[in-house]
Structure formats: structure tokens, C-alpha cells
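Chain residues, written in single-letter form:
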Amino acid sequence: MTALLEQPERVLATSSKNPANTLIVGHCRDTASDNALAVAAELGRRLGAQLHVVHAVVLDDYPVDPDSADWEEQGEQTLVDERHQVEAALTRTGLPWTYQSCRGNPVRALAAAADEHNALLIVVGTRGEGLRAALSRLIQPSVSHALIEHQHRPVLVVPPGQLN
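Going by an unreviewed UniProt entry, the chain carries the name Universal stress protein and comes from Pseudonocardia yunnanensis. What the UniProt record of the chain gives under Sequence similarities (unreviewed entry) is the line "Belongs to the universal stress protein A family."

In C-alpha cells form, the structure reads like this:
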């Protein structure tokens, strides 16, 4: 079960060039996010845009047992690994990009980043549709659905599956 931490707060950002066009990309540790990152990178290349990747830290980023002696350290290592995964994927693209890890509700964090960067659009992945995805949304609300409902700028929802 995912419990969300309170107010988004900037933890880490890597600066790079500052082109006029920015795409906000939501990313977490799943295949849907990797697909969204790949699509955003290709779109960024075509548009000559910068990517700003946002990872909202939630309890799923930490081990299951909060009583373990190294719970905090394991969680922090997971966050470092997440950032390195994004860095490895984007370094190959040659695109300018930044990374932000923040604590809080993913929808609010993405919306705040989009406002801050005056983004062209927000790119996120989705678990897809069907019974399994619907049951998953009962436990963990859909970030893509919430963004579509409450965002005043375009939201690109990348479907699950293999990218060519």
C-alpha cells in the first residue's frame, strides 16, 4: 500500500541548459515510468526541449519493515538508485535535463514543477486499463487520471507496453 508523505519539498536537482521548452516527466520505479521517460526523451529531441524529471518520494520507496535498523539508509539508497537509472537513460540521449526528487503527493509535485517551469506538457506512464489496473487503483490512486482531471496544461499519458 502506498502512503503519501506531506507537502512536496525539493530535495535534489541537477541543473543543465535552460531552453525555452520544458517537458515535465513523472518517474518512479516501474516499467510504465521507463516508457514515459523514453517517449518524453524522443518528444524532447523532436521539439528541442529540455526534460525535467520529477520523482515524488512515497513510502513505497522505503523497505516494508520500518523497524529495521537501516530503514532510512535503505530508502535513501533506493532514491539514489532511482536517480542513477534516470541519469543512465537520459545521458545517452544528449538532451538537456534536470532531476527533482521531492516528498509528497505525486500529482501536486508534478503540477508544481509544471507551473515552476512553465512546461509545455506533462508526460506520465499508466498502469493501463482492465481489472488488474482497476484493482491496483483502489489501493494506489492513478496519478495520470488525477492529472488529466485537474491540470490546465496538456498531459501525455504513455500506454504500457514495449516501445519500438
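A. Region of the structure containing the pattern of salt bridges. Taken as a whole and assessed by the stated rule, the structure comprises five salt bridges. A salt bridge links Arg-103 to Glu-76, with the nearest nitrogen and oxygen atoms 3.3 Å apart. With Arg-103 in strand 4 (residues 97-103) and Glu-76 in helix 2 (residues 71-91), the pair connects residues that are 27 residues apart, well separated along the chain. Given a relative accessible area of 22%, Arg-103 falls into the partly exposed group. The salt bridge involving Arg-153 is made with Asp-115; its shortest N-O contact spans 2.8 Å. Note that Arg-153 is positioned in the loop between helix 5 (143-150) and strand 6 (155-158) and Asp-115 in helix 3 (residues 106-117), a separation of 38 residues in sequence. Judged by its relative accessible area of 11%, Arg-153 falls in the buried class. Accessibility expressed as a relative area gives 45% for Asp-115, which makes it partly exposed. Here the residues in one salt-bridge network are Glu-42, Arg-45 and Arg-46, joined through shared partners.

B. Structural detail: the nonpolar core. Membership of the largest hydrophobic core comes to 17 residues, with the highest contact counts inside it found for Val-25, Leu-51, Val-53, Val-86, Leu-90 and Val-123. Elements with a contribution of two residues or more to this core: strand 2 (22-26), helix 1 (31-47), strand 3 (50-57), helix 2, strand 4 and strand 5 (121-125). With four residues, helix 1 is the largest single contributor of residues to this core. With residues near it in sequence (within four places) discarded, Val-86 still touches His-27, Leu-37, Val-53, Trp-97 and Tyr-99. Formed by 14 residues, the second largest nonpolar core is a distinct cluster that contains Cys-102, Ala-109, Val-124 and Leu-147.

C. Spotlight on the packing of helix 3 against helix 5. Here helix 3 crosses helix 5 at 50 degrees, and the two axes come no closer than 9 Å. Regarding the angle of helix 3 to helix 5, the classification is oblique. The element helix 3 and its partner helix 5 pack so that their crossing is right-handed. Facing Pro-106, Val-107 and Leu-110 of helix 3, the residues of helix 5 in contact are Val-143, Ala-146 and Leu-147. Here the residues of the contact of helix 3 with helix 5 sort into six nonpolar, no polar and no charged.

Calculation notes
Residues numbered from 1 in each chain as written. Predicted model: local features only at pLDDT ≥ 70, side-chain atom pairs only at ≥ 80, totals over all residues. Heavy atoms only, no water. UniProt positions renumbered as here; feature names shortened; annotations may be inferred. Salt bridge = Lys/Arg side-chain N within 4 Å of Asp/Glu carboxyl O. Helix = DSSP H or I, 4+ residues; strand = E, 2+ residues; numbered from the N terminus. Buried < 20%, exposed > 50% of the residue type's maximum accessible area, 1.4 Å probe, protein only. Core = buried A, V, L, I, M, F, W, Y, C linked by side-chain atoms within 4.5 Å. Contact = heavy atoms within 4.5 Å. Axes fitted to C-alpha atoms, helices over the stretch in contact; angles between N-to-C directions. Parallel < 35°, antiparallel > 145°, perpendicular 65-115°, else oblique. Left-handed = near helix turned anticlockwise from the far one by under 90°. Nonpolar A, V, L, I, M, F, W, Y, C, P; charged D, E, K, R; others polar.

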